[in-house]
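Observations on the model geometry
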Amino acid sequence: AEPAIRAVVVTGGHSYDKEAFSALFDGIEGVEFVFDEQKDHSELFEDVSEWDYDVIVFYSMTQNISEKRQQNFLKLLEDGVGVVALHHIISGFTRWPEFLKIIGARYLFAPIEQDGLESPASSYKHDMDIAVKVADPVHPVTKGVEDFEIFDETYKNVMFEPDNHVLLTTDHPESDKAIGWVRTYKNARVCTLQPGHGPSIFSNPHYKRLVAQAITWTAQAEA
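If you're wondering where the values come from, they're calculated on a predicted model, not measured in any experiment.

This part takes up the overall build of the protein. Along the backbone of the protein there are 4 helices and 13 strands. Its C-alpha radius of gyration of 16 Å places the protein within 12% of the 17 Å reference for a compact globule of 223 residues. For the protein, the spread of C-alpha atoms along the principal axes amounts to about 45 × 40 × 35 Å. The contacts of the protein with a sequence gap of at least 6 include a subset with a gap of at least 24, amounting to 69%. Only carbon and sulfur atoms are counted for the fraction: they give 48% of the accessible area of the protein, which is about 10300 Å². Within the protein, the 36 negative side-chain charges are centred at a point lying 2 Å from the centre of the 19 positive side-chain charges.

Below, the structure is given as structure tokens:
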């Protein structure tokens with residue numbers, strides 16, 4: 001039988017353990033995965049006339065996306081194509097203001113001033129032991145997932161959209177409190193998970209379940 005869901009996994013712009021990351025998607029039933037490394041930052045969206053994916057899983061950290069590619073991507077969201085945003089992509093497309101509204105967060109490479117308030121640059125810390133708390137245990141993305149521990153990279157002072165529905169939190173002093181959330185944009189469901197630097201987290205059963213359930217949930221158009 002054909003898989004019920006087709007997902008494209010977008011990489012590029014940052015080094016990572018490819019074997020460990022690929023294994024993250026092993027065993028997810030009912031989903032066919034295609035990996036697409038971006039050589040020109042965003043060429044996946046150059047032509048979407050024959051688009052054949054239900055979900056876009058972002059793990060890239062590329063920056064450039066032309067006006068044409070922006071509009072093509074937005075059309076996909078209008079059509080209800082889901083988005084799962086993992087770790088690095090919070091630092092991606094930072095010069096495109098709308099992308100913050102799509103995934104709900106942006107890593108700030110430098111301080112900014114907005115509405116008369118200054119936000120400091122974001123920061124990160126490698127190799128942190130992080131206690132993850134499930135803030136909403138009844139959401140389809142977190143269903144069946146209990147609080148768990150990871151060894152991963154933290155982000156702090158990230159810019160967030162105020163209407164994110166927070167699913168995961170942490171009290172780690174080097175991290176922002178919210179580290180997982182969902183939102184909608186146009187007709188698309190979006191799930192963003194801040195953890196995911198790897199490689200050890202990719203074999204964590206709790207994280208794997210979150211990613212699998214995020215793909216299943218976002219594959220359903222909000223409309």
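Structure's up, so let's keep going.
Okay, the sheet that holds strand 1 (residues 5–11) next. An order of 2-1-3-4-13-12-11-8-9 is seen for the 9 strands of this open sheet, with the pairing classed as mixed. In this open sheet, the two edge strands, each paired with only one partner strand, are strand 2 (31–37) and strand 9 (148–156). For this sheet, the mean angle separating the axes of adjacent strands, direction not counted, is 30°. Bridge analysis of strand 12 (residues 178–185) against strand 13 (residues 188–193) gives 6 bridges, and the strand direction is antiparallel. Looking across to strand 13, one finds that Arg183 is bridged to Val190. The sheet strands contacting helix 2 (residues 67–78) are strand 3 (55–58), strand 4 (82–86), strand 12 and strand 13, and the helix crosses strand 3 at an angle near 125°.

With that settled, consider the pairing of strand 8 (residues 123–134). The side chains of a regular strand alternate between the sheet's two faces. As judged from the 8 bridges shared by strand 8 and strand 9, these two strands associate in the antiparallel manner. What sits directly across from Val132, in strand 9, is Phe148.

Here the focus is empty space enclosed by the protein. Using a probe with the size of a water molecule, rolled over the atoms, empty space left in the structure can be pinpointed. In total, this model carries 1 cavity of 30 Å³ or more according to the counting rule given. By volume, the largest cavity is sized at about 40 Å³. Taken together, Tyr155, Val158, Phe160, Asp176, Ala178, Ile179, Trp181 and Gln194 form the lining of the largest cavity. At 3 residues, strand 12 tops the list of elements feeding residues into the lining of the largest cavity.

Moving on: the environment of Val55. Inspection of the secondary structure puts Val55 in strand 3. For Val55 and Phe35, which are 20 residues apart along the polypeptide, the C-alpha to C-alpha distance reads 12 Å. Val55 has contacts with Ile5, Arg6, Ala7, Val8, Val81, Gly82, Val84, Ile215, Thr218 and Ala219, leaving out every residue within four places of it along the chain.

Residues spaced three or four apart along an α-helix face the same direction, because each turn holds 3.6 residues. With 12 residues, helix 2 extends 16 Å from end C-alpha to end C-alpha; this agrees with the ideal 16 Å at 1.5 Å per step. Along helix 2, the positions that sit buried rather than exposed are Arg69, Gln70, Asn72, Phe73, Leu74, Leu76 and Leu77. Each element contacted by the buried residues of helix 2 is listed here: strand 3, strand 4, helix 3 (97–103), strand 12 and strand 13. Immediately downstream of helix 2, the backbone of Gly80 shows phi near 95°, a positive value.

Cis rather than trans, the peptide bond between Gly198 and Pro199 has omega equal to 0°. Positionally, Pro199 belongs in the loop between strand 13 and helix 4 (205–218). You will see that His41, though not glycine, has its phi angle at about 70°, which is positive. Within the element layout of this structure, His41 appears in the loop between strand 2 and strand 3. Not every positive phi belongs to a glycine, and Asp127 is a case in point at roughly 55°. Position of Asp127 relative to the elements: it lies in strand 8. Here Asp127 falls in the exposed class, since its relative accessible area comes to 53%.

Below, the discussion takes up the nonpolar core. Generally speaking, a soluble globular protein has its nonpolar side chains buried in company with each other. Counting residues in hydrophobic clusters, the biggest one holds 37 residues, and the most contacted among them are Phe25, Val57, Leu86 and Ile215. At 7 residues, the largest contribution of residues to this core is made by helix 4. Ignoring anything within four residues of it in the chain, the contact list for Ile215 reads Ile5, Phe25, Val31, Phe33, Val55, Val57 and Val84. By size, the runner-up hydrophobic cluster in this structure holds 33 residues, among which are Val8, Val10, Tyr53 and Tyr185.

Rules and cut-offs
- Residues numbered from 1 in each chain as written.
- Predicted model: local features only at pLDDT ≥ 70, side-chain atom pairs only at ≥ 80, totals over all residues.
- Heavy atoms only, no water.
- Helix = DSSP H or I, 4+ residues; strand = E, 2+ residues; numbered from the N terminus.
- Rg over C-alpha atoms; globule rule 2.2 N^0.38 Å.
- Contact = heavy atoms within 4.5 Å.
- Areas by Shrake-Rupley, 256 points an atom, 1.4 Å probe, with all protein chains shown as cover.
- Lys, Arg positive; Asp, Glu negative; His and termini not counted.
- Charge placed at Lys NZ, Arg CZ, Asp CG, Glu CD.
- Pairing = 2+ DSSP bridges.
- Axes fitted to C-alpha atoms, helices over the stretch in contact; angles between N-to-C directions.
- 1 Å grid on protein atoms, 1.4 Å probe; cavity = no way out; pocket = protein on both sides within 12 Å on 5 of 7 lines; lining within 4 Å.
- Points joined across faces, edges and corners; volume = space filled by probe spheres on them.
- Expected span 1.5 Å × (residues − 1).
- Buried < 20%, exposed > 50% of the residue type's maximum accessible area, 1.4 Å probe, protein only.
- Core = buried A, V, L, I, M, F, W, Y, C linked by side-chain atoms within 4.5 Å.

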